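# Secondary and tertiary structure notes
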Amino acid sequence: MKSKFEIDPTLSEEWVEFHVREMTPKLQQVIQILSTDKQLWGYDEKVIKLLDLTKVYSFESINGKVYAKTDKRNYYVRKKIYELLDILPPDFVKISRAELVNLKHLDHLELTSGGTIVLKLKNGMTTFVSRRCVKNLRERLGI
């Protein structure tokens, strides 16, 4: 793929134009990155790190603090769950009052006899969908 950049300090607004044969997941990821100008920082003891949202499995609120869960560690995030909904890419879906899950890391769903939905993520993590969020999850997944 060819790329060309023109740097013009007199531009009032930056913009990007793509000429492609078809939309691919990689291009969708680039578009998400370019269209999101907000950054999300994670805190872990004495480390402050810019989070790569593609590697975040979920965000969970525990005792009033929100944590981003990745394969390697959990990072404290200085945002509330409702604030994250406004800045996260559409890959994240709310599954309860206290949790958001990245659908890109969803392995499969399990339906229990009690009617609840259990989400199994690719890293082996298990979580439950609250009854209030089932309809939204089904719409997002197209089931």
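Throughout what follows, the structure given in this document is the object of discussion. (Residues numbered from 1 in each chain as written. Predicted model: local features only at pLDDT ≥ 70, side-chain atom pairs only at ≥ 80, totals over all residues. Heavy atoms only, no water.)

## As for the overall build of the protein chain
For clarity, the threshold we go by: Numbering of helices and strands starts at the N terminus; helices are DSSP runs of H or I of at least 4 residues and strands are runs of E of at least 2. Three exposure classes are used, based on accessible area relative to the maximum for each residue type with a 1.4 Å probe and protein chains only: buried under 20%, partly exposed in between, and exposed over 50%. Contacts are residue-level and defined by heavy atoms, with any inter-residue pair within 4.5 Å sufficient. Method for areas: the Shrake-Rupley scheme with a 1.4 Å probe, in which residue coverage is limited to the protein chains shown. Lys and Arg are tallied as positive, Asp and Glu as negative. Neither His nor the chain termini are counted. Taken as the charge centre is NZ of Lys, CZ of Arg, CG of Asp or CD of Glu, depending on the residue.
Within the protein chain, the secondary structure is distributed over three helices and 10 strands. Traced from its N-terminal end to its C-terminal end, the protein chain shows the element sequence α-β-β-β-β-β-α-β-β-β-β-β-α. Once the C-alpha set of the protein chain is aligned to its principal axes, its extents read approximately 60 × 40 × 25 Å. The 143 residues of the protein chain split such that 29% are buried. Across the protein chain, contacts joining residues at least 24 apart in sequence account for 41% of those joining residues at least 6 apart. When the accessible surface of the protein chain is summed, it comes to about 11100 Å², and 50% of that surface belongs to carbon and sulfur atoms. Both charge centroids of the protein chain, one from 25 positive and one from 19 negative side chains, sit 6 Å from each other.

## Re the sheet that holds strand β9 (residues 117–121)
What counts is decided by this rule: Two strands pair under a simple rule: DSSP has to find at least two bridges between them. Axis geometry follows a simple rule: fit a line to the C-alpha atoms, using only the stretch in contact for helices, then measure angles between N-to-C directions, giving values from 0 to 180 degrees.
Read from one edge to the other, the open sheet built from three strands follows the order β8-β9-β10, with strand pairing classed as antiparallel. Only two strands of the sheet have a single neighbouring strand rather than two, namely β8 (106–111) and β10 (126–129). Along the sheet, successive strands turn relative to each other by an average axial angle of 30°, direction set aside. Sheet topology note: the β8/β9 ladder contains five bridges and is antiparallel. Residue pairing in the sheet places Glu-110 in a bridge with Val-118 of β9.

## As for unusual backbone geometry
Not every positive phi belongs to a glycine, and Glu-45 is a case in point at roughly 50°. Within the secondary structure layout, Glu-45 lies in the loop between β1 (41–44) and β2 (47–50). Although it is not a glycine, Asn-63 sits at a positive phi angle of roughly 55°. As for its placement among the helices and strands, Asn-63 is situated in the loop between β3 (58–62) and β4 (65–69).

## A closer look at the packing of aromatic side chains
Stated formally: Only Phe, Tyr and Trp rings are paired, with Trp represented by its six-membered ring, and only when their centres lie within 6.5 Å; those with planes under 30 degrees apart are stacked, over 60 edge-to-face, the remainder tilted. For a lysine, the NZ atom is tested; for an arginine, the CZ atom; a charge sits over a ring if that atom is within 6 Å of the ring centre and within 35 degrees of the ring normal.
One pass over the full model with this rule turns up three aromatic pairs. Centre to centre, the rings of Phe-59 and Phe-92 are 5.5 Å apart; their planes meet at 55°, and the pair counts as tilted. Here Phe-92 lies in strand β6 (residues 92–96) and Phe-59 lies in strand β3, a separation of 33 residues in the sequence. By relative accessible area, which is 5% here, Phe-92 ends up buried. Here the aromatic residues Tyr-43, Tyr-67 and Tyr-76 are joined through ring pairs into a cluster of three or more. A cation sits over an aromatic face here: Lys-65 above Tyr-76, 5.5 Å from the ring centre.

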